[in-house]
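# A look at the structure
Chain by chain, the residues run as shown.
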Number of protein chains: 2
Amino acid sequence: MTLSSTAGTIVQLLAEKICAFDARSLTKRSIAQARTCILDTVGVTLAGIPEPCTQILLKTPGIAAAPGSSLIFGSARRTSALDATLINGTASHALDFDDFSGALGGHHSVPLVAMLFALAEERGSTGEAFICAYVVGVETEIRLARAVNFHHYDKGWHPTATLGTFGAAAAAARLLDLDPSKTAMALSIAASLASGIKANFGTMTKPLHIGHSARNGLLAALLAEGGFEAADDVFEHHQGFLNVFNGPGTFDIEKLFTNWGEPWEIEATSIGLKQFPCCGSTHPAIMMALQLRREETINTEQIARIEILPHGRRLRHTDTPQPQTSLDAKFSVQYVVARALKDGAVRLKDFEGDAHFDPVIRRLLDLTEAKPHPDMADDAEEQWGAEVIVTLTDGRRVSRRVDNLVGRGGDNPMTTDELWEKFSDCASRSLPREQIAPLFERLETLESVSSIAQVTRLLEVSVLHEAPAKKVVFAPRGEQEAPETTWVP
Amino acid sequence: MTLSSTAGTIVQLLAEKICAFDARSLTKRSIAQARTCILDTVGVTLAGIPEPCTQILLKTPGIAAAPGSSLIFGSARRTSALDATLINGTASHALDFDDFSGALGGHHSVPLVAMLFALAEERGSTGEAFICAYVVGVETEIRLARAVNFHHYDKGWHPTATLGTFGAAAAAARLLDLDPSKTAMALSIAASLASGIKANFGTMTKPLHIGHSARNGLLAALLAEGGFEAADDVFEHHQGFLNVFNGPGTFDIEKLFTNWGEPWEIEATSIGLKQFPCCGSTHPAIMMALQLRREETINTEQIARIEILPHGRRLRHTDTPQPQTSLDAKFSVQYVVARALKDGAVRLKDFEGDAHFDPVIRRLLDLTEAKPHPDMADDAEEQWGAEVIVTLTDGRRVSRRVDNLVGRGGDNPMTTDELWEKFSDCASRSLPREQIAPLFERLETLESVSSIAQVTRLLEVSVLHEAPAKKVVFAPRGEQEAPETTWVP
């Protein structure tokens, strides 16, 4: 794309796009997908609140100490929108259980949702304004990703954080109803606050990236609102974001603007939800196990043998026949398939305490064999297949197979039942049970909420209800980290 | 340098160096230089408080709203150490009048001083602990710079911000007396918070970089204190700070550790102070004009002609015979020399309002000619020379010449009188006159202060005294920005 001097700089053009956004341009599919992602993010945020990364942050002197109207989810504590964003934003990524975008090479919702709740609560925004700001934020960060990836990701940047800073600035500017000039300033300030390197993957600092970048994006927008100034050529400048973060010749800025909003990125099939709180590579096998159990009505006692045949690439880091720790269990395709066959679900509590030593599960593990699927070539284009074969005690052999199943979304959305299953499992870590269903229902009609306070009221918990912090289980680096250029959740 | 696996990772080795620091290793020269730099930074911070970048930041919702014991300089307002660092840190760089390090390619004190005051006030630290933390912080950021520069600077990073984040983390960890393990964590968290690109030079966002990076460094240390975790190989990891920010093959980590503290970087001759609040390239000519006026006792009325002959490289962006704005005046070697000859000083107020239209000055400008010095080769190694020749009405011709004069420091320190001249000029923008001399005296014996609160008491001003915000004058980009690889203040 050639940018003529009359057309404006990249931030100016981007700001115009953000400001020109019209709620009427939202298709039903956009709204539905946005609502689902927001709902799912609220769920995982509630699950992340008791995690040590969130709790240590909350206890840090000066953090969340400012008075304000923005809720720390799952508590009665309110603070500034900035710090509520930092806390809830970190919580939302604490378990790496949030939705993702293949194009972003990261997680599109977490830089936005906590921030938008905090800001919308402070400013009394409507659900519709929230969704519009969210969709524009997603568009901004994923469009930027299309322009800079996968070089950006492969080089070592954590795009959820670096590009999420711009997404958050765009979404906040939109919710604040900033004019194009101030919106451009917000994006320009954001360019100086972007950070986050992948060397810290697999530690508490990874979720911190999210709270930090979301807070920084909001800070950029608030500063711009107050008249703060930055350069207007922060993208194309020879020492601007593109050249400094990516490097000359490693980006294509045309992709930022071409077909903007046609359709909205939130509709992209490369966007998905994580249905189960374990390594994404185990999900196709879990899905097949659940399908088998449901459709063949298998009882655990009937099982004589389990064969798991994932794509070889998925098995490499999930071949853990006898998990000894909760973390092992998250990366054990054998364990999660056994759990799915036994319970008909894979839940957060299955990765806590001694859940992986459950005797029934241990018996199933002894009957299990996992090996790379012989029909799925190592260099195949689609690498997210799995087959699960169960031999029953009566000699019957039943199986289910899928050839590619990346997350849930796009053309393979989670059903309302599945969403509820995950949401209630997550939310129960921070909310009393009686608030969970009303919250879920409220979020399912988010676009009609007249004030976000109607939602946050259901996210508030008095001290009596506060859950104790639980031990976190982080993936070791290298295992959790996705292979280069083929980013996966 | 080859790092054996038994020796530990880079952050671990660095943390050991920081923790092993012994106050007894400080030479008199280190202490004197540290004290001078700290004193000078306090002065420019007070000058930067009324600037719009600081004032907008202070009014941003949620900023400096947390209760706390750390003072916002020049006010009666106290807040968290984190936010006091953000505000005072931004103020300290608002005028680009703070000290600098050639090796850093940036300003070594501003990421540290505001942060250390905020934290020391909160924790009741001594002046000696403050100086130790400062020296270690300077060592960390400049040593890192020696390992990554000048590629780091030339690529477009703002080293004061990116490396300053580590400097602040190191200094804060030291003041908090963290053990080597937690100090390493602080540095590792800092690696994920480093940011700041040069595209935003010449705007309010440049000083924001400093407040932001200082706050981030402190945040990293506070999180580490609370038990937060990060990776331990954030420097050498293939997607760590060195490879991601600089790029493979563009750094030499050996320089980080060789001769650590022998002597302390704070003693380096490449460290200097800015004596005058205008473009650094005009300073040699100002110095010669002041020397002439003082030694030849010249009165303005006696002047018939002024010739200014700076090194050609210095003249390119300071050849402004008739400045029309305050900003022009900052980049007019003709104006600042006339001002030096007339007043015997160049002060902040000389770049405010219509000071540059002073009739006496205008008359001198009409008598002035500036051209590149014929004896100073364009490609000479030393490029900071200037000669000033004044012809008097009685026909006498007097001149002074210097062949290289970069800033003030190292072997060419400012005298106490010169320090006071700058300090009192700066401090008077935020402090009532009666506090300035006691503050100066207190800072001149900082190492013997039993509690930093003794200093901050003198930085506190009741609401009655608060000065109104003044219009800021920013250098346009390109002019303020130093030429690549030969970084200059």
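Computed from a predicted model, the values in this text were never measured in an experiment.

Conventions we followed
Residue numbers here run from 1 along each chain, matching the order of that chain's written sequence. Each chain gets a letter, beginning with A, and each ligand a number, beginning with 1, in the order they are written. Where local features are concerned, this predicted model is filtered to residues with pLDDT of at least 70; where side-chain atom pairs are given and counted, the filter is 80 or more; whole-chain, interface and lining totals use all residues. The side-chain numbers reported here are obtained from all heavy atoms of the structure, hydrogens and water having been left aside. Strands are runs of DSSP state E lasting at least two residues, helices are runs of H or I lasting at least four, and both sets are numbered from the N terminus onward. Three labels apply to residues, based on accessible area from a 1.4 Å probe with only protein chains included: buried if under 20% of the type maximum, exposed if over 50%, partly exposed otherwise in between. Two residues qualify as a contact provided that any one of their heavy atoms is within 4.5 Å of a heavy atom in the partner residue. UniProt positions are given in the numbering used here, feature names are shortened, and annotations may be inferred rather than shown by experiment. Being paired, for any two strands, means DSSP has found at least two bridges between them. Only C-alpha atoms enter the line fits that serve as axes; for helices the fit covers just the stretch in contact. Angles between N-to-C directions range over 0 to 180 degrees. Once two parts are brought into contact, the accessible area they lose, counted with a 1.4 Å probe and summed over both, makes up the buried area. Any pair of N or O atoms that falls within 3.5 Å is considered a polar contact. Within protein, one atom must be able to donate a hydrogen and the other to accept it, and sequence-neighbouring residues count only if both atoms are side-chain atoms. Amino acid classes used here: Ala, Val, Leu, Ile, Met, Phe, Trp, Tyr, Cys and Pro are nonpolar; Asp, Glu, Lys and Arg are charged; the rest, including Gly, are polar. Segmentation into domains, and thus their bounds, comes from an automatic or database assignment. When a carboxyl oxygen of Asp or Glu is within 4 Å of a side-chain nitrogen of Lys or Arg, the pair counts as a salt bridge. Note on terminology: a nonpolar core comprises buried Ala, Val, Leu, Ile, Met, Phe, Trp, Tyr and Cys residues joined through side-chain atoms within 4.5 Å. Alignment of copies: least-squares fit on C-alpha atoms of residues with pLDDT of at least 70 in both copies.

## Considerations on the environment of Cys426 of chain A
Residue and element names in this part refer to chain A. For Cys426, the position within the fold is in helix α18 (residues 416-427). Residue Cys426 is classed as buried on the basis of its relative accessible area of 0%. When the C-alpha atoms of Cys426 and Gly43 are compared, they prove to be 5.3 Å apart, with 383 residues separating the residues in sequence. Excluding its chain neighbours within four sequence positions, the residues that come into contact with Cys426 are Gly43, Val44, Leu46, Ala47, Phe97 and Leu348.

## Details of the UniProt feature "domain: MmgE/PrpD C-terminal" (unreviewed entry) in chain A
Annotation from UniProt places "domain: MmgE/PrpD C-terminal" (unreviewed entry) at residues 276-435 of chain A. Between the end C-alpha atoms of residues 276-435 of chain A there is a gap of 22 Å, over a span that is 36% helix and 15% strand.

## What about the sheet that holds strand β5 (residues 303-310) of chain A?
Residues and elements named next belong to chain A. Here we have 4 strands laid out as an open sheet, ordered β6-β5-β7-β8, and mixed in their pairing. A single partner strand is all that each edge strand has here, and the edge strands are β6 (368-370) and β8 (397-402). When the angles between neighbouring strand axes are averaged without regard to direction, this sheet yields 10°. Here 3 bridges tie β5 to β6, and the two strands are oriented parallel to one another. Bridge pairing in β6 links Ile308 to Ala370. Each of β5, β7 (386-392) and β8 touches helix α13 (residues 283-296); the most contacted strand, β8, lies at about 135° to it. Packing of helix α16 (residues 333-343) onto the sheet brings it into contact with β5, β6 and β7, and relative to β5 it is tilted by some 130°.

## Considering the interface of chain A and chain B
Residue-level contacts link 60 residues of chain A with 60 residues of chain B. Summed over both sides, the interface of chain A with chain B buries roughly 4700 Å², with 63% coming from carbon and sulfur. Of all residues in chain A, Ser192, Phe228 and Gln239 of chain A give up the largest surface area on contact with chain B, accounting jointly for 15% of the area buried on that side. Our enumeration of links across chain A and chain B arrives at 20 residue pairs in polar contact (both at pLDDT 80 or more). The set of elements that each furnish at least two residues to the side of chain A that touches chain B consists of α3 (52-59), α5 (113-123), α7 (151-155), α9 (180-191), α10 (205-225) and α11 (241-246) of chain A. Looking at which element gives the most residues to the side of chain A that touches chain B, the answer is α10 of chain A, with 9 residues.

## Examining the packing of helix α5 (residues 113-123) of chain B against helix α10 (residues 205-225) of chain B
Two measures define how a pair of helices packs: the angle their axes make with one another and the distance between the axes. Residue and element names in this part refer to chain B. Their axes nearest at 10 Å, the elements α5 and α10 cross at an angle of 35°. On α10, the residues that touch Met115, Leu119 and Arg123 of α5 are Ala214, Leu218, Leu222 and Glu225. Here the residues of the contact of α5 with α10 sort into 5 nonpolar, no polar and 2 charged.

## Side note on the side chain of Thr183 of chain B
Mapped onto the elements, Thr183 of chain B comes out in helix α9 (residues 180-191). Setting aside residues no more than four positions away along its own chain, Thr183 of chain B makes contact with Ala15, Ile18, Cys19, Ala173 and Leu178 of chain B.

## Brief notes about the domain arrangement of chain A
Split into domains, chain A comes out as domain 1 (10-272) and domain 2 (280-402). Measuring from the centre of the C-alpha atoms in domain 1 of chain A to the corresponding centre in domain 2 of chain A gives 35 Å.

## Description of the pattern of salt bridges
Residues and elements named next belong to chain A. Scanning the model with the defined rule gives 64 salt bridges over all chains in all. Among the ionic pairs, Glu121 bridges to Arg78, the shortest N-O distance being 2.5 Å. Note that Glu121 is positioned in helix α5 and Arg78 in strand β2 (residues 78-79), a separation of 43 residues in sequence. We classify Arg78 as partly exposed; its relative accessible area is 27%. The partner of Asp394 in a salt bridge is Arg396, with the nearest N and O atoms 3.9 Å apart. Overall, Asp394 belongs to the exposed group, its relative accessible area being 55%. One connected set of salt bridges, linked through shared partners, spans Arg339, Lys342, Asp343, Lys349, Asp350 and Asp358.

## Overview of the nonpolar core
The nonpolar side chains of soluble globular proteins are, as a tendency, buried together. Ranked by size, the top nonpolar core spans 240 residues in total, and within it Phe117 and Tyr134 of chain A together with Phe117 and Tyr134 of chain B carry the most contacts. In contact with Phe117 of chain A, other than residues within four places in its own chain, are Ile38, Val42, Phe73, Phe130, Leu443, Ile452, Val455, Thr456 and Leu459 of chain A.

## Considerations on the relation of the copies chain A and chain B
With an RMSD of 0.1 Å, the operation that places chain A on chain B is a rotation of 180° combined with a shift of 0.0 Å along the axis. In symmetry terms, the pair is related by a two-fold rotation axis. Considering only C-alpha atoms, the part of chain A nearest the rotation axis is Ala66 of chain A, at 1.8 Å. The residues that chain A uses at the interface reappear at the interface of chain B in 100% of cases, marking a shared surface.

## Considering the sheet that holds strand β8 (residues 397-402) of chain B
Residues and elements named next belong to chain B. On the basis of which strands lie adjacent, the open sheet formed by 4 strands has the order β6-β5-β7-β8 and mixed pairing. What marks the edges here is a single partner per strand, and that holds for β6 (368-370) and β8. Neighbour-to-neighbour, the strand axes of the sheet open up by a mean angle of 10°, direction not taken into account. Where strand β5 (residues 303-310) lies against strand β7 (residues 386-392), 7 bridges are found, and the strand directions are antiparallel. Residue pairing across strands places Arg305 opposite Thr391, the latter belonging to β7. Sheet strands touched by helix α13 (residues 283-296): β5, β7 and β8. Its angle to β8, the strand with the most contacts, is close to 135°. Across the face of the sheet, helix α16 (residues 333-343) comes into contact with β5, β6 and β7 while running at roughly 130° to β5.

## Brief notes about the pairing of β7 of chain A
Residues and elements named next belong to chain A. Burial analysis of β7 places 7 of its 7 residues in the buried class, which makes it a mostly covered element. Because side chains alternate across β7, one face comprises the buried residues Ala386, Val388, Val390 and Leu392, and the other comprises Glu387, Ile389 and Thr391, equally buried. When β7 meets β8, the two strands line up antiparallel, connected through 6 bridges. Bridging from a neighbouring strand, Thr391 pairs with Arg397 of β8. Where β7 hands over to β8, the hairpin turn is made up of 4 residues, of which Gly395 adopts a positive phi near 90°.

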